[in-house]
Amino acid sequence: GQNENGPCEFNISDCIHTGLLGATGTGKTASTALLMAYNARQSGMHVIALDGKGGVDWAQHGQYLEAWPTDYTMIADQVGEIIRLHDIRMKDIKRAKAENIYQRDYQIPPLFIVMEEFGYTMQALRAASKKRHDKMEGELSNLMRVSRATGIYFLLIDQSAEHWPGVIKANV
């Protein structure tokens, strides 16, 4: 991008979690999110896109990132897998007596997780199962509080943050 001083860059690792909001067709995914994902990849991150549009937005970039379709039937399991990766990384950090993944003798690449249509997917999950929604929302909220140490960064994309839980809004 550019600012009043000329070209500028977005340092993905300084932001931890990001929310990208805008009306349909304004370029959230096709321009901004895609540029952020490529920036994350250039910074040595492993990019995973959970595509709430069934894979149509991110699958075409599969040679550069992992793209997985998601919806209300899959999102809780997918977030559960991210939590599992966080837990493995946290155990590794503790074994190394380090504070984060960046202080170890060897590197595991940070993860940049894109969650497309986040609010819509969460709203559909809530309609299908309030219990499962509340459990997953709590787990994701907790993960977003502590995932910096394990190098897990989130980009949540939606038209509005109206259906996002307060803790998640506060972390983006």
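A few points on the structure. (Residues numbered from 1 in each chain as written. Predicted model: local features only at pLDDT ≥ 70, side-chain atom pairs only at ≥ 80, totals over all residues. Heavy atoms only, no water.)

Under the 1.5 Å per step criterion, the end-to-end length of helix α5 (residues 130–146) is 25 Å for 17 residues, consistent within 8% with the ideal 24 Å. Those residues of α5 that are buried are in contact with β3 (17–21), α3 (75–95), β6 (111–116), α4 (118–128), β7 (152–158) and α6 (166–171). (Helix = DSSP H or I, 4+ residues; strand = E, 2+ residues; numbered from the N terminus. Expected span 1.5 Å × (residues − 1). Contact = heavy atoms within 4.5 Å.)

On to unusual backbone geometry, then. Of note, the phi angle at Lys97 is positive, near 55°, even though the residue is not glycine. Relative to the assigned elements, Lys97 resides in the loop between α3 and β6. In this structure, Glu117 takes a positive phi of about 60° despite not being glycine. Structurally, Glu117 can be placed in the loop between β6 and α4.

Quick look at the side chain of Glu117 now. What makes Glu117 buried here is its relative accessible area of 9%. In contact with Glu117, not counting residues within four places along its chain, are Gly52, Lys53, Ile157, Asp158 and Gln159. (Buried < 20%, exposed > 50% of the residue type's maximum accessible area, 1.4 Å probe, protein only.)

Let us now look at the packing of aromatic side chains. Scanning the model with the defined rule gives two aromatic pairs in all. Ring plane angle 70° and centroid distance 5.3 Å describe the contact between Tyr38 and Tyr64, whose orientation is recorded as edge-to-face. Residue Tyr38 is located in helix α2 (residues 28–42), and its partner Tyr64 is located in the loop between β4 (46–51) and β5 (66–69); the two are separated by 26 residues in the primary sequence. Owing to a relative accessible area of 27%, Tyr38 belongs among the partly exposed residues under this scheme. With relative accessibility at 35%, the residue Tyr64 sits in the partly exposed group. Their ring planes at 85° and their centres at 5.6 Å tell us that Phe118 and Trp164 sit as a pair that is edge-to-face. On the criterion of sequence distance, the pair formed by Phe118 in helix α4 and Trp164 in the loop between β7 and α6 is long-range, its members being 46 residues apart. (Phe/Tyr/Trp six-rings, centres within 6.5 Å; stacked < 30°, edge-to-face > 60°.)

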